[in-house]
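So you can see what is in the structure, the chains are spelled out below.
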Amino acid sequence: MQITAAVTREKGKMNFESVELADPKANEVLVKMVASGICHTDTAVIEQYLPVTFPMVAGHEGVGVVEKVGPGVTELAPGDRVILSYPSCGVCDACKSSKPFACENLFWSLFGGNYADGTKRMKGADGVEIGVMFGQGSFATHAIVNQRNAVKVDIDNDNELAELCSLGCGIQTGAGAVLNRMEPRPGSSIAIFGCGSVGLAAVMAAKLAGCSTIIAVHGRRGKELAIEFGATHTIEGRSDDVPGQIRAITGGKGVNYALESAGVPEMVLTMLDSMAAEGVAILVSVTADAAVPIKLEPQIMNPCVTLAGAVEGYSNPKVFIPELVRLYKEGRLPVDKLNTFYDYKDIDKAFEDSHNGKTLKPILKF
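Not measured: the values here are computed from a predicted model.

A. Molecular detail of the side chain of Asn-339. Looking at the secondary structure, you find Asn-339 in strand S17 (residues 339-343). There is a polar contact of 2.8 Å between the side chain of Asn-339 and the side chain of Glu-163. Not counting residues within four places of it along the chain, the set of residues in contact with Asn-339 comprises Glu-163, Lys-361 and Ile-363.

Have a look at this one:
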């Protein structure tokens, strides 16, 4: 079938093209897109900060309605509303242990452009095959996805479904890093570095977990929403001696937990300097190269601090995304307050507003 897709053929540029999309193969479904969030990882792909091969269709926070199912699909049917998340192979030891976030083939599933069978589903007018990001390529009017990364949700209408785009990646990443990876003790302290959509999701999750001290370290945006979502203290990230301010708030001890979501490599040292003994510090952002060498031994060994990574919130999307939907419906995860909507044709404007800080979570509507 012919569809429209925002195709990247050279670094930094997207163009709308009419492309041919094949039918779904075994275990795959065809989804008509309702909306797609824009995330900084999309920029990392389009700008080739990550080693992707063009042509490619970016987009990895898609939501839509199933139109057609391929052979062997048992979890979904035409008419189902779905949130699209990250793909995983389903056959490695981690996937068999219900830990798709640790899939042995995860990087190439996310950024290799191919589907699980090593092939593509999209061709341009020139006959050249086009890859897709995260096994979906949601910057297109339709997408082929494996049933593993399409999560059926109990949502009644397309407008509400569009509000939940970021559950597929950004919210799942921030909230999951707290709830699934840290599992903070009630009454504990946490610092969240970066108040974009991922960091603000972590603030919401810290409140849900019962943290009594929630410190939001923000940049040029996010402070007001961080307070609304549950932050007890805020610190300007570019101010002097952020660790000193955090220790002052925590009676000199530092925080029990911390999350780095700002994508600034040097912020890792700031985070580690802010930790209490036996603290747990988590990295979730896609970072650039560090401007200075980062030496970790003094911040980790003596205070017995754990520094760890967490991909996609350490979550199994089939389990965690429905839980996030439930929290949203209960009013305890107000992700809709992050959103600014754009028409699909205004994709360049949506990216521009995201980069210059005018919007926290731009969402394209089809």
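Let's pick the thread back up.
B. Structural view of the layout of surface pockets. Taken as a whole, the second largest pocket holds about 240 Å³ of empty space. As for the second largest pocket, its lining consists of 13 residues, of which Pro-87, Ser-109, Asn-114, Tyr-115 and Ala-116 are closest to the centre.

C. Seen up close, helix H6 (residues 197-209). Between its terminal C-alpha atoms H6 stretches 18 Å, which fits the 18 Å expected from 13 residues at 1.5 Å a residue. The buried fraction of H6 is high, at eleven of 13 residues. Within H6, the full set of buried residues consists of Ser-197, Val-198, Gly-199, Leu-200, Ala-201, Ala-202, Val-203, Met-204, Ala-205, Ala-206 and Ala-209. Of the surrounding elements, those touching the buried residues of H6 are helix H5 (170-182), strand S11 (189-193), strand S12 (213-218), helix H7 (223-229), strand S14 (255-260) and strand S18 (361-365). Positive backbone phi, approximately 90 degrees, marks Gly-210, located one or two places after H6.

Rules of the game
Residues numbered from 1 in each chain as written. Predicted model: local features only at pLDDT ≥ 70, side-chain atom pairs only at ≥ 80, totals over all residues. Heavy atoms only, no water. Helix = DSSP H or I, 4+ residues; strand = E, 2+ residues; numbered from the N terminus. Polar contact = N/O pair within 3.5 Å; in protein donor to acceptor, adjacent residues only side chain to side chain. Contact = heavy atoms within 4.5 Å. 1 Å grid on protein atoms, 1.4 Å probe; cavity = no way out; pocket = protein on both sides within 12 Å on 5 of 7 lines; lining within 4 Å. Points joined across faces, edges and corners; volume = space filled by probe spheres on them. Expected span 1.5 Å × (residues − 1). Buried < 20%, exposed > 50% of the residue type's maximum accessible area, 1.4 Å probe, protein only.

Limitation: the analysis is restricted to geometry and does not speak to function.
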